[in-house]
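Geometric and topological summary
Listed below, chain by chain, are the residues.
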Amino acid sequence: MDARLLVTGGASGIGRAVVDAGLAHGWDVVVLDRQPADAVRTVLADLADPASAADALAEVLDDGPVTRLVNNVGAVFPARLEDQALDQVDSSFALNLRCAVQCTQAVLPGMRAAGFGRVVNMSSRAALGKAERTAYAAAKAGLLGLTRVWALELGPAGVTVNAVGPGPIATPLFEAANDEQTTRAIVDAVPVRRMGTPEDVAHAVDFFLADQAGFVTGQVLYVCGGLTVGSATV
């Protein structure tokens, strides 16, 4: 079976590490992003816009079905509740949640035809609760619900659906949402006493994408340095 991997938001950060892992397997990897990714095919799109996403997905599928999908694209929109603009909530749901639904719907016919599929949704440890994350945490928690629903619906078709919940990962997205003092406090609270790397997360994603992971579905794996069993304040 041809192994074709689609990664949303794959031009940088965690998404790029997932792309590199896929390339190392020799898979045909395609990225959907607003900016081009080096050394891999990129279809440019504003994934917060359903029409732009639809056009990009159609272009990708013109070249054949996708049997592996990583719904990775996301944005944080940090703010305390009283300061969270409602348009930011809408934007968070559009990019972090609605886009995952749209992309999975688009690739699903090909997975059903192949009798095989792997879907990985990129959630976040923040889905368990984090201050100043109303819009983000709600959307990422929504991805966990979708993961469980889709696992039930798609299992008979040979399609597994799982989620990865990164904790504090050293990416531009994290740096834009946290100042130096906050970052120091986070590292001090992580049991392994370091920030995670995009490669840490990509390793977990790679497990779920493997042929051999066919008996694992509806699960969430937190890649958080132990934060889910320790402090829930960061």
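Residues numbered from 1 in each chain as written. Predicted model: local features only at pLDDT ≥ 70, side-chain atom pairs only at ≥ 80, totals over all residues. Heavy atoms only, no water.

1. Regarding the pairing of strand 5 (residues 117-122)
Judged by how many residues are buried, strand 5 sits mostly within the fold: 6 of 6 residues are covered. In the sheet, strand 4 (residues 68-71) pairs with strand 5 via 4 bridges, with the strands oriented parallel. Looking across to strand 5, one finds that Val70 is bridged to Val120. Between the parallel pair strand 4 and strand 5, the chain is carried across by helix 3 (residues 86-114), and the sense of this crossover is right-handed. Where strand 5 meets strand 6 (residues 159-166), 6 bridges bridge the pair, whose relative direction is parallel. Within strand 6, the position partnered with Arg118 by the bridge is Thr160. (Buried < 20%, exposed > 50% of the residue type's maximum accessible area, 1.4 Å probe, protein only. Helix = DSSP H or I, 4+ residues; strand = E, 2+ residues; numbered from the N terminus. Pairing = 2+ DSSP bridges. Right-handed = clockwise from strand over helix to strand, strands pointing away.)

2. With respect to the packing of helix 1 (residues 13-24) against helix 7 (residues 198-209)
With their axes 8 Å apart at the nearest point, helix 1 and helix 7 run at an angle of 50 degrees to one another. Overall, the two elements helix 1 and helix 7 adopt an arrangement that is oblique. Here the hand of the crossing between helix 1 and helix 7 comes out right-handed. Facing Gly13, Ile14, Ala17, Val18 and Ala21 of helix 1, the residues of helix 7 in contact are Pro198, Glu199, Val201, Ala202, Val205 and Asp206. (Axes fitted to C-alpha atoms, helices over the stretch in contact; angles between N-to-C directions. Parallel < 35°, antiparallel > 145°, perpendicular 65-115°, else oblique. Left-handed = near helix turned anticlockwise from the far one by under 90°. Contact = heavy atoms within 4.5 Å.)

3. Some points on the sheet that holds strand 4
The sheet built from 7 strands is open, its strands ordered 3-2-1-4-5-6-7 with parallel pairing. Sheet topology places strand 3 (41-44) and strand 7 (220-223) at the edges, where each strand pairs with a single neighbour. Going across the sheet, the axis of each strand differs from the next one's by a mean of 20 degrees, ignoring polarity. Bridge count for strand 1 (residues 4-8) against strand 4 is 3 bridges, and the pairing is parallel. In the sheet register, Leu5 faces strand 4, and the bridge partner there is Arg68. Against the sheet, helix 1 touches strand 1, strand 2 (28-33), strand 4, strand 5 and strand 6, its axis set at about 170 degrees to strand 1. Lying on the sheet, helix 4 (residues 134-154) is in contact with strand 4, strand 5, strand 6 and strand 7; it crosses strand 6 at an angle near 160 degrees.

4. Here's the deal with the confidence of the model for the protein chain
In the predicted model, the protein chain carries a mean pLDDT of 95, and 97% of its residues have values of at least 70. Ranking the elements of the protein chain by mean pLDDT puts helix 5 (residues 172-177) last, at 82, and strand 5 first, at 99. (pLDDT = per-residue confidence, 0-100.)

5. Quick word on the pattern of salt bridges
When their charged atoms lie close together, side chains carrying opposite charge are able to pair. All chains considered together, the criterion is met by 7 salt bridges. Residues joined by salt bridges that share partners form a network here, namely Arg41, Glu59 and Asp63. (Salt bridge = Lys/Arg side-chain N within 4 Å of Asp/Glu carboxyl O.)

6. So, helix 4
Taking 1.5 Å per residue as the helical rise, helix 4 with its 21 residues ought to reach 30 Å, and the 30 Å between its terminal C-alpha atoms agrees with that figure. Those residues of helix 4 that fall on the buried side of the exposure criterion are Ala135, Tyr136, Ala137, Ala139, Lys140, Leu143, Leu144, Leu146, Thr147, Trp150, Ala151 and Leu154. Buried residues belonging to helix 4 abut strand 4, helix 3, strand 5, strand 6 and strand 7. (Expected span 1.5 Å × (residues − 1).)

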